[in-house]
Amino acid sequence: MLLWINGPFGGGKTQTAHEIQRRLPGSVICDPEHAGFGLRRMLPPELRGDFQDLAAWRQGVVEVLDLAAGKHDGVVIVPMTVTDSGYFAETVGALRERGHDVRHFTLLAERETVLRRLRERGFGRALRYATGQKAGPRAESWAVRKLDHCLERLSEPEFAEHLWTDHSTVPKTADRIAVLAGLQLRPNKGGALRNRLRQARVGLRHIRFD
């Protein structure tokens, strides 16, 4: 099974993916963003746009996920925002055409909720500054500019199943996805403080310096 978790930037995809992976034995995370940023870095700075516009990214994602889902015994979890109908067909649709059981979920939230989550991600800017890294364009600003478009597009029926997360914790969202996908997660143990510490570690590991 391929478990594709869609949603706006800052909507909780990565945190939810890691929560599921932590509690679902044998599952792995395959993040298409890694391939996208790799392709983007290959280009001269003036040519670096949205990597999803590159056919190489869309084709590569399908090839890699086809291999992972075909050869790996466990669930393959894919946290990735895709709002373009054509690109959705070329990735999620193409994987289904190849015979894979793709369960697609879109995490949605009110605009203010997503903005608050993006502000909480601002720690990454402080860390870049403290380590002397050139910050460049702020990823959070780019995400804010894309937010209204993402929320509008992803609310369309083609991007169902929709899960609203404004009043849901990451573990509860993971539980809801598991039930809908017919998966059995291990119990979430450790309480709210441990959950927050785990989520902070995930956030730190996904701070980008480019």
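Residues numbered from 1 in each chain as written. Predicted model: local features only at pLDDT ≥ 70, side-chain atom pairs only at ≥ 80, totals over all residues. Heavy atoms only, no water.

To continue, consider the overall build of the chain. The number of helices and strands found in the chain is nine helices and five strands. Taken from the N to the C terminus, the helices and strands of the chain come in the order β-α-β-α-α-β-α-β-α-α-α-β-α-α. By the burial criterion, 44% of the 210 residues in the chain qualify as buried. Taking contacts inside the chain between residues at least 6 apart in sequence as the whole, the part at least 24 apart equals 80%. (Helix = DSSP H or I, 4+ residues; strand = E, 2+ residues; numbered from the N terminus. Buried < 20%, exposed > 50% of the residue type's maximum accessible area, 1.4 Å probe, protein only. Contact = heavy atoms within 4.5 Å.)

Further remarks concern the confidence of the model for the chain. In the predicted model, the chain carries a mean pLDDT of 88, and the fraction of residues at 70 or more is 85%. The model gives residues 123-137 a pLDDT under 50, and that stretch makes 16 contacts with residues more than four places away or in other chains. (pLDDT = per-residue confidence, 0-100.)

Attention now moves to the pattern of salt bridges. Per the stated rule, a full pass over the model turns up nine salt bridges. Asp 148 serves as the salt-bridge partner of Arg 111, at 2.7 Å between the closest nitrogen and oxygen. Of this pair, Arg 111 sits in helix α5 (residues 111-120) while Asp 148 sits in helix α7 (residues 139-154), and the two are 37 residues apart along the sequence. By relative accessible area, Arg 111 is classed as partly exposed at 33%. Each of the salt bridges in this network shares a partner with another, and the network as a whole consists of Glu 19, Arg 22, Arg 23 and Asp 175. (Salt bridge = Lys/Arg side-chain N within 4 Å of Asp/Glu carboxyl O.)

Turning our eyes to something else, we now look at the packing of helix α1 (residues 13-23) against helix α8 (residues 170-181). Interhelical geometry of α1 versus α8 gives an angle of 70 degrees and a closest axis separation of 9 Å. Considered as vectors, α1 and α8 are oriented roughly perpendicular to each other. Considering only the axes of α1 and α8, their crossing is right-handed. Side by side, α1 and α8 meet where Gln 15, Thr 16, Glu 19, Ile 20 and Arg 23 of the first sit next to Val 170, Pro 171, Thr 173, Ala 174, Asp 175 and Ile 177 of the second. Residue composition of the contact of α1 with α8, grouped by class: five nonpolar, three polar and three charged. (Axes fitted to C-alpha atoms, helices over the stretch in contact; angles between N-to-C directions. Parallel < 35°, antiparallel > 145°, perpendicular 65-115°, else oblique. Left-handed = near helix turned anticlockwise from the far one by under 90°. Nonpolar A, V, L, I, M, F, W, Y, C, P; charged D, E, K, R; others polar.)

A word on the nonpolar core. Leu 2, Trp 4, Leu 65, Val 76, Val 78, Met 80 and Leu 95 are the most contacted members of the largest nonpolar core, which has 33 residues in total. Every element with two or more residues in this core is listed here: β1 (2-6), α3 (55-71), β3 (76-79), α4 (85-97), β4 (102-108), α5 and α7. Not counting residues up to four positions away in its chain, the partners in contact with Leu 95 are Leu 2, Trp 4, Val 62, Leu 65, Asp 66, His 100 and Val 102. Counting residues in each nonpolar core, the second largest holds 16 residues, with Leu 3, Ala 17, Leu 107 and Leu 163 among its members. (Core = buried A, V, L, I, M, F, W, Y, C linked by side-chain atoms within 4.5 Å.)

Glancing now at the sheet that holds β4. Overall, parallel pairing links the five strands, which are arranged β2-β3-β1-β4-β5 in an open sheet. Each edge of the open sheet carries a strand with a single partner, namely β2 (28-29) and β5 (162-164). The strands touched by α8 are β1, β4 and β5; relative to β4, the strand with the most contacts, the crossing angle is about 150 degrees. (Pairing = 2+ DSSP bridges.)

In terms of backbone geometry, most residues other than glycine have negative phi values and most peptide bonds are trans. Here Ala 160 and Glu 161 are connected by a cis peptide whose omega angle stands at 20 degrees. With respect to the helices and strands, Glu 161 occurs in the loop between α7 and β5.

In terms of residue burial, β1 counts as a mostly covered element, since five of its five residues are buried. Going residue by residue along β1, you find Leu 2, Trp 4 and Asn 6 tucked away on one face and Leu 3 and Ile 5 tucked away on the opposite face as well. In this sheet, β3 lies alongside β1 in parallel orientation, the contact comprising four bridges. Along β3, the bridge assignment pairs Ile 5 with Pro 79. Bridge count for β1 against β4 is five bridges, and the pairing is parallel. Bridge assignment links Trp 4 to a residue of β4, and that residue is His 104.

Counted residue by residue, α1 has eight buried out of eleven residues, so it is predominantly covered. Listed as buried for α1 are Lys 13, Gln 15, Thr 16, Ala 17, His 18, Glu 19, Ile 20 and Arg 23.

For helix α2 (residues 32-42), every residue scored as buried is listed here: Pro 32, Gly 36 and Phe 37. Burial along α2 is one-sided: seen end-on, the buried residues are contained in an arc of 130 degrees. Where α2 is buried, its residues meet α3 and β3. Where α2 begins, one side-chain oxygen reaches toward the backbone nitrogen of Glu 33, 2.9 Å away; that side chain belongs to Asp 31. (Arc of directions from axis to C-beta. Polar contact = N/O pair within 3.5 Å; in protein donor to acceptor, adjacent residues only side chain to side chain.)

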